[in-house]
Amino acid sequence: MVASMHHGPHLSSGQVKFPSLGAAVGWATHKGSYSDCMPVWNSTRDVCLVFHGEHFSDGSDFRRIAADHPGCSPDDARWLIHTYERSGPDFLRDLNGYYCGVVADLRPGRESLLLFNGRLGLSRVYFHEDETGFYFASEAKALMKVLPRVRAIDPVGMGEYFACECILQNRSLFSGVQLLPGSAAWTWRRGGESVRRTYFDRAELEALPHLAPEEFYQRMKETLLRVIPRYLSGRQP
């Protein structure tokens, strides 16, 4: 699966296994990118993070972590493991950007695997589930590499694509392959129990008070000036 997504020498890749959870995770990412530091372990090596994408912090969350972990750097994803240690799965509500990932918690009494993505699901995660297990990947072709049974067009997905220019309800073009919904926080506990929830509801934004046009414009202008510079900085050109 990882080899099918390793598109050239500009990428680094790897994999990590969690035998006690019956799970394995692989990744491919741009060299020198925010997530080119995988896997990330905590100091006691009983919590592991595999993160793909970027978190555009306003600095406040990093400063809270750096106070207790002075060796952290905001330039890559290593410090995010401490946000999980501090808040558990609720750390996802503080992430801002384009991302998906996995947290393996191996601590006694907490053994679990957390699969997550961004609020709107822009960083896609495809999955297939059957009696043999749960398979996921950021590119559908990685699933097809190891699961011949999904190498078929889904007629409903194909029909929606031609009729609507998109595929609805988290389906895909491929038989038995679905998309993880946005703001997913799906957890599997040791023994097989799973909890599939979302950590963000768009209704939270839709329920905010309406603003008069003049106030809306002013606040939008202030927000853009504050936020856009975060997205224009990074280690890479």
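Residues numbered from 1 in each chain as written. Predicted model: local features only at pLDDT ≥ 70, side-chain atom pairs only at ≥ 80, totals over all residues. Heavy atoms only, no water.

> Hey, could you run me through the packing of aromatic side chains in this one?
When we look at a pair of aromatic rings, we describe it by the centre distance and by the angle of the planes. This structure, assessed with the given rule, holds 16 aromatic pairs. Their ring planes at 85° and their centres at 5.3 Å tell us that Phe-62 and Trp-79 sit as a pair that is edge-to-face. With Phe-62 in helix α1 (residues 60–68) and Trp-79 in the loop between α1 and α2 (80–87), this residue pair connects regions lying 17 residues apart in the sequence. Residue Trp-79 is classed as buried on the basis of its relative accessible area of 2%. Judged by centre distance (5.8 Å) and plane angle (75°), the ring pair of Tyr-161 and Phe-162 falls under edge-to-face. Classification of Tyr-161 as partly exposed rests on a relative accessible area of 43%. Clustering of aromatic rings is evident, with ring pairs tying together Tyr-34, Phe-51, Tyr-84, Phe-91, Tyr-99 and Phe-116. Sitting over the ring of Phe-200, Arg-119 keeps its end group 5.3 Å from the ring centre. (Phe/Tyr/Trp six-rings, centres within 6.5 Å; stacked < 30°, edge-to-face > 60°. Helix = DSSP H or I, 4+ residues; strand = E, 2+ residues; numbered from the N terminus. Buried < 20%, exposed > 50% of the residue type's maximum accessible area, 1.4 Å probe, protein only. Lys NZ or Arg CZ within 6 Å of the ring centre and 35° of its normal.)

> Help me out: how do you make sense of the packing of α1 against α2 in this one?
Geometrically, a packed helix pair is captured by the angle between its two axes and the distance between the axes. As a packed pair, α1 and α2 sit with axes 10 Å apart at the nearest point and diverge in direction by 85°. It follows from the interaxial angle that α1 and α2 lie roughly perpendicular. From α1, Arg-64, Ile-65 and Asp-68 reach across to α2, where they touch His-82, Thr-83 and Arg-86. The class makeup of the residues in the contact of α1 with α2 is 1 nonpolar, 2 polar and 3 charged. (Axes fitted to C-alpha atoms, helices over the stretch in contact; angles between N-to-C directions. Parallel < 35°, antiparallel > 145°, perpendicular 65-115°, else oblique. Contact = heavy atoms within 4.5 Å. Nonpolar A, V, L, I, M, F, W, Y, C, P; charged D, E, K, R; others polar.)

> Teacher, can you tell me more about the pattern of salt bridges here?
When charged atoms on two side chains of opposite charge get close, those side chains can pair. Scanning the model with the defined rule gives 10 salt bridges in all. A salt bridge links Asp-76 to Arg-78; the nearest nitrogen and oxygen atoms lie 2.4 Å apart. Glu-215 is paired through a salt bridge with Arg-219; the nearest N and O atoms lie 3.4 Å apart. Here Arg-219 and Glu-215 lie together in helix α6 (residues 213–231), a separation of 4 residues that amounts to about one turn. (Salt bridge = Lys/Arg side-chain N within 4 Å of Asp/Glu carboxyl O.)

> Explanation requested: the environment of Phe-127 in the structure shown.
In this fold, Phe-127 is placed in strand β7 (residues 126–130). Accessibility expressed as a relative area gives 5% for Phe-127, which makes it buried. Spatially, the C-alpha atom of Phe-127 lies 7.6 Å from that of Leu-143, the residues being 16 residues apart in sequence. Apart from residues lying up to four places away in sequence, Phe-127 is in contact with Phe-134, Tyr-135, Phe-136, Leu-143, Gly-176, Val-177, Gln-178, Leu-179, Leu-180 and Trp-186.

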